[in-house]
Amino acid sequence: RLRPLCSYPGIIRKLSGPRGKKRHRMLKESVTGGKKVTPENRRQPLVSIIIPTVNQLELVEKCVVSIIKSEPSALYNREIIVVDDGSPPGLQEKLRRRLRPYPVRLLIKEKNTGFAATVNAGAAGSKGDYLCLVNSDVFFPWKYWLDPMMREVRKPRVGVVGARLLYPDGRIRLNVNAAKDPE
């Protein structure tokens, strides 16, 4: 039974059944910093936070840092997976070096295949019970940003849960496709 959880600009979904052995052939996986990412409390569900990106360094690092700075919850464990969608090799190496200090898995695609394929590659490489798709330009200023969504998605008959997208001053962003913030 699938139980997705959605957090704009992404989706979290509960995975069901055994994981397939087939892996995406274009991926090179590296556990950054040589750190093995293991959940501390194995009884709680694991949320795989997947960040698809292409040709970005600063935004990805800021997004990752904001996730790490948010407090881990007693409701779930988390893993962070960054998927690079075919950036030039030099930029991929810079991204690898930038993320090395953090408990993040970096999946590298050799060629750009688009957003959907990149998200699917991250999902295929995840270990989580839930998937949380997060654009690299999203930052989390609150410590427990994922807790309310996790509480909701674990309720019976809930399939998708979304969060509000806010401007830095706290106003609700109504048009998620707006090219620039209103003045």
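This one's a predicted model, so the numbers in the text were calculated from it and none came from an experiment.

Caption draft 1: Structural detail: the nonpolar core. Counting residues in hydrophobic clusters, the biggest one holds 28 residues, and the most contacted among them are Ile51, Val64, Val82 and Leu99. For this core, the secondary structure elements donating two or more residues are strand E4 (46–53), helix H1 (58–69), strand E5 (77–85), helix H2 (89–99), strand E6 (104–109), strand E7 (130–133) and helix H4 (147–153). Here the element with the most residues in this core is H1; it accounts for four residues. Every residue in contact with valine 64, bar those within four places of it in the chain, is listed here: Ile51, Ile80, Val82, Leu99, Tyr102 and Val104. By size, the runner-up hydrophobic cluster in this structure holds nine residues, among which are Ile50, Val119, Ala123 and Leu133.

Caption draft 2: Focus on unusual backbone geometry. Here asparagine 55, not a glycine, exhibits a phi torsion of approximately 55°, which is positive. Examined against the element boundaries, asparagine 55 turns out to sit in the loop between E4 and H1.

Caption draft 3: A look at the packing of H1 against H2. Remark: H1 packs on H2, axes separated minimally by 10 Å, with the N-to-C direction vectors making an angle of 25°. With respect to their mutual orientation, H1 and H2 come out roughly parallel. For the pair H1 and H2, the crossing hand works out as right-handed. On the side of H1, the interface is formed by Glu58, Val60, Glu61 and Val64, while H2 contributes Leu95, Arg98 and Leu99. Residues that form the contact of H1 with H2 fall into these classes: four nonpolar, no polar and three charged.

Caption draft 4: A look at the pattern of salt bridges. Summed over the entire model, instances satisfying the criterion amount to eight salt bridges. Ionic pairing is found between glutamate 58 and arginine 98, a salt bridge with its closest N-O pair at 3.4 Å. Of this pair, glutamate 58 sits in helix H1 while arginine 98 sits in helix H2, and the two are 40 residues apart along the sequence. Two residues, arginine 98 and glutamate 61, come together in a salt bridge whose shortest N-O distance is 3.0 Å. A residue pair is termed long-range when its members are at least 10 positions apart, and arginine 98 in helix H2 and glutamate 61 in helix H1 qualify at 37 residues.

Caption draft 5: Broad picture of H1. Taking 1.5 Å of rise per residue, the twelve residues of H1 would be expected to cover 16 Å, and the 16 Å separating its terminal C-alpha atoms lies within 8% of that figure. Buried within H1 are the following residues: Val60, Glu61, Cys63, Val64, Ser66 and Ile67. Buried residues in H1 make contact with E4, E5, H2 and E6.

Caption draft 6: Expanded view of the pairing of E5. Counting buried positions over the nine residues of E5 gives eight, a clear majority of the element. Examined bridge by bridge, E5 and E6 share six bridges and lie parallel to one another. Paired with aspartate 85 across the bridge in E6 is lysine 109. With H2 bridging E5 and its parallel neighbour E6, the resulting β-α-β unit is right-handed.

What counts and how
- Residues numbered from 1 in each chain as written.
- Predicted model: local features only at pLDDT ≥ 70, side-chain atom pairs only at ≥ 80, totals over all residues.
- Heavy atoms only, no water.
- Core = buried A, V, L, I, M, F, W, Y, C linked by side-chain atoms within 4.5 Å.
- Buried < 20%, exposed > 50% of the residue type's maximum accessible area, 1.4 Å probe, protein only.
- Helix = DSSP H or I, 4+ residues; strand = E, 2+ residues; numbered from the N terminus.
- Contact = heavy atoms within 4.5 Å.
- Axes fitted to C-alpha atoms, helices over the stretch in contact; angles between N-to-C directions.
- Parallel < 35°, antiparallel > 145°, perpendicular 65-115°, else oblique.
- Left-handed = near helix turned anticlockwise from the far one by under 90°.
- Nonpolar A, V, L, I, M, F, W, Y, C, P; charged D, E, K, R; others polar.
- Salt bridge = Lys/Arg side-chain N within 4 Å of Asp/Glu carboxyl O.
- Expected span 1.5 Å × (residues − 1).
- Pairing = 2+ DSSP bridges.
- Right-handed = clockwise from strand over helix to strand, strands pointing away.

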